[in-house]
Amino acid sequence: MTNPPAPLFRDPVYDGATDPTVIWNRQEGAWWLLYTSRRANVSCRGVAWVHGTDIGIASSADRGRAWRYRGTLDGLEFEPGRNTFWAPEVIWHNDLYHMYVSYVRGVPHDWTGARAIVHLTSENSWRWRHESILALSSERVIDAAVHRMPGGHWRMWYKDEVNGSHTWAADSDDLYHWTVHGPVITDCAHEGANVFRWRGSYWLIIDHWDGLGVYRSADAENWRRCANILDTPGLRRDDGAIGGHADVLVNGERAFIFYFTHPEWDRKALYGMDEIHPTHVKRTALQVAELEWRDGMLICDRDRDFDFRLLPG
């Protein structure tokens, strides 16, 4: 039994790793962990520390046991100034990496202003080429999740803050041109949708700021809410808080959920617009747990021991 370290990873520069996504780097033959690098240890007004963020990289050459910080992605900037990148979604298709990343111009200290999802491509996952800013359902969209539909086309799920902070969707045949499909999950405000297929079903997980909501579908069209996970604190180091904005990696027959925590979370203190918040409140940690299939239900016991060794992608 080889339990994963807890926490799995902390950003050694800003200590604010959030919104993880895990990909297999074909060129290196290693697992990569991409994440929003919030500037948790920077003294600044309001929520400026969650803006001006890069996409951080950590890699593992030992099947996920140890993660080495590799810096930040190059080539994301496509206009002048210091801008904001959040929540990368990366897929591999036709010998090319496609990234869909949330983008905010500049470094605002509050939640105002436009947001967009930007499409970039890369042959090696290091150097990225700007393709477009996607035209979606509003000018305040973030947190893309992309998965292939049963009919063969691609679907993107994303948060539309203008329309209730609900999950909307758009469809594409080529990953470049997208047509808005409409609202998908509307039963509560949320963000951070993640979609995967496992055990014969499609699953959609959202972050509704009180743990993660789980939805199930036979066709990736009609979703039924069936569970909440990571909504009670865990016992591992830096895991004693609700889980946030997760990515699920289906690896062979198993499924692992990567998520972030605010170990010293204080909701009221964290997001005031005029204060300068202390570092210990802002810092984050990335964790991993195994999903289980029990009596037709997806569950997650974050305190359970499990053998964590990723198969090559």
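Given the structure is predicted, the values throughout are model-derived calculations rather than measurements.

Quick notes on the rules
Residues numbered from 1 in each chain as written. Predicted model: local features only at pLDDT ≥ 70, side-chain atom pairs only at ≥ 80, totals over all residues. Heavy atoms only, no water. Helix = DSSP H or I, 4+ residues; strand = E, 2+ residues; numbered from the N terminus. Rg over C-alpha atoms; globule rule 2.2 N^0.38 Å. Buried < 20%, exposed > 50% of the residue type's maximum accessible area, 1.4 Å probe, protein only. Contact = heavy atoms within 4.5 Å. Areas by Shrake-Rupley, 256 points an atom, 1.4 Å probe, with all protein chains shown as cover. Lys, Arg positive; Asp, Glu negative; His and termini not counted. Charge placed at Lys NZ, Arg CZ, Asp CG, Glu CD. Pairing = 2+ DSSP bridges. 1 Å grid on protein atoms, 1.4 Å probe; cavity = no way out; pocket = protein on both sides within 12 Å on 5 of 7 lines; lining within 4 Å. Points joined across faces, edges and corners; volume = space filled by probe spheres on them. Nonpolar A, V, L, I, M, F, W, Y, C, P; charged D, E, K, R; others polar. Axes fitted to C-alpha atoms, helices over the stretch in contact; angles between N-to-C directions. pLDDT = per-residue confidence, 0-100. Phe/Tyr/Trp six-rings, centres within 6.5 Å; stacked < 30°, edge-to-face > 60°. Lys NZ or Arg CZ within 6 Å of the ring centre and 35° of its normal.

Brief notes about the overall build of the protein chain
Broken down by element type, the protein chain carries two helices and 20 strands. Its C-alpha radius of gyration of 18 Å places the protein chain within 12% of the 20 Å reference for a compact globule of 313 residues. Overall, the protein chain is about 50 × 45 × 40 Å in size when its C-alpha atoms are taken along their principal axes. Every one of the 313 residues in the protein chain was classed for burial, and the buried ones make up 58%. The contacts of the protein chain with a sequence gap of at least 6 include a subset with a gap of at least 24, amounting to 54%. For the protein chain, the accessible area works out to roughly 12600 Å², and carbon and sulfur atoms hold 48% of it. Of the charged side chains in the protein chain, 34 are positive and 43 negative; the average position of the first set lies 3 Å away from that of the second.

What about the pairing of strand β14 (residues 201–207)?
Counting buried positions along β14 gives seven out of seven residues, so the element sits mostly inside the fold. The alternating pattern of β14 places Ser-201, Trp-203, Ile-205 and Asp-207 and Tyr-202, Leu-204 and Ile-206 on opposite faces, both of which are buried. Note: strand β13 (residues 191–198) against β14, six bridges, orientation antiparallel. Paired with Trp-198 across the strands is Ser-201, a residue of β14. In this structure, the hairpin formed by β13 and β14 is closed by a connection of two residues, where Arg-199 is found at a positive phi of approximately 55°. Strand direction decides the pairing type here: β14 and strand β15 (residues 212–217), joined by six bridges, are antiparallel.

So, empty space enclosed by the protein
The final tally for this structure, using the stated rule, is one cavity of 30 Å³ or more. Forming the boundary of the largest cavity are 14 residues, of which Pro-88, Glu-89, Ala-144, Ala-193 and His-245 lie nearest the centre. Secondary structure elements with two or more residues in the lining of the largest cavity: β1 (17–25), β5 (84–93), β9 (141–148), β13 and β17 (244–251). Classifying every residue of the lining of the largest cavity by side-chain character gives seven nonpolar, three polar and four charged.

Side note on the sheet that holds strand β18 (residues 254–261)
One open sheet holds the four strands; their spatial order is β17-β18-β19-β20, and the pairing between them is antiparallel. The open sheet is flanked by β17 and β20 (297–300), the only strands paired with a single partner. Between one strand axis and the next, the sheet turns through 30° on average, direction left out of account. Relative to strand β19 (residues 285–294), β18 runs antiparallel, the two being bridged by six bridges. Bridge assignment links Ile-257 to a residue of β19, and that residue is Ala-289.

What to know about the confidence of the model for the protein chain
Within the protein chain, residue pLDDT values average 95, and 97% of them lie at 70 or more. Between the elements of the protein chain, mean pLDDT differs from a low of 58, seen in helix α1 (residues 267–270), to a high of 99, seen in strand β10 (residues 154–160).

Observations concerning the pairing of strand β16 (residues 224–229)
In the sheet, β15 pairs with β16 via five bridges, with the strands oriented antiparallel. Bridge assignment links Arg-216 to a residue of β16, and that residue is Arg-224.

Focus on the sheet that holds strand β7 (residues 116–122)
Judged by pairing direction, the sheet is antiparallel, and its four strands sit side by side in the order β5-β6-β7-β8 without closing on themselves. Each end of this open sheet is capped by a strand with a single partner; those strands are β5 and β8 (129–133). With strand direction ignored, the average angle separating the axes of adjacent strands in the sheet is 25°. In this sheet, strand β6 (residues 96–104) lies alongside β5 in antiparallel orientation, the contact comprising eight bridges. Across the sheet, the residue bridging to Phe-85 is Tyr-103, located in β6.

Focus: the packing of aromatic side chains
Under the counting rule described, the total for this entry stands at 13 aromatic pairs. Centre to centre, the rings of Trp-24 and Trp-31 are 5.1 Å apart; their planes meet at 65°, and the pair counts as edge-to-face. For the pair shown, Trp-24 and Trp-31 are each scored as buried. With centroids separated by 5.2 Å and ring planes inclined at 50°, the aromatic side chains of Phe-85 and Tyr-103 adopt a geometry described as tilted. Of this pair, Phe-85 sits in strand β5 while Tyr-103 sits in strand β6, and the two are 18 residues apart along the sequence. Across the pair, exposure class does not vary: Phe-85 and Tyr-103 are buried alike. Feature note: the residues Phe-256, Phe-258, Phe-306 and Phe-308 constitute an aromatic cluster, connected by ring pairs. Directly above the ring of Tyr-202 sits Arg-197, whose terminal nitrogen or CZ lies 4.6 Å from the centroid.

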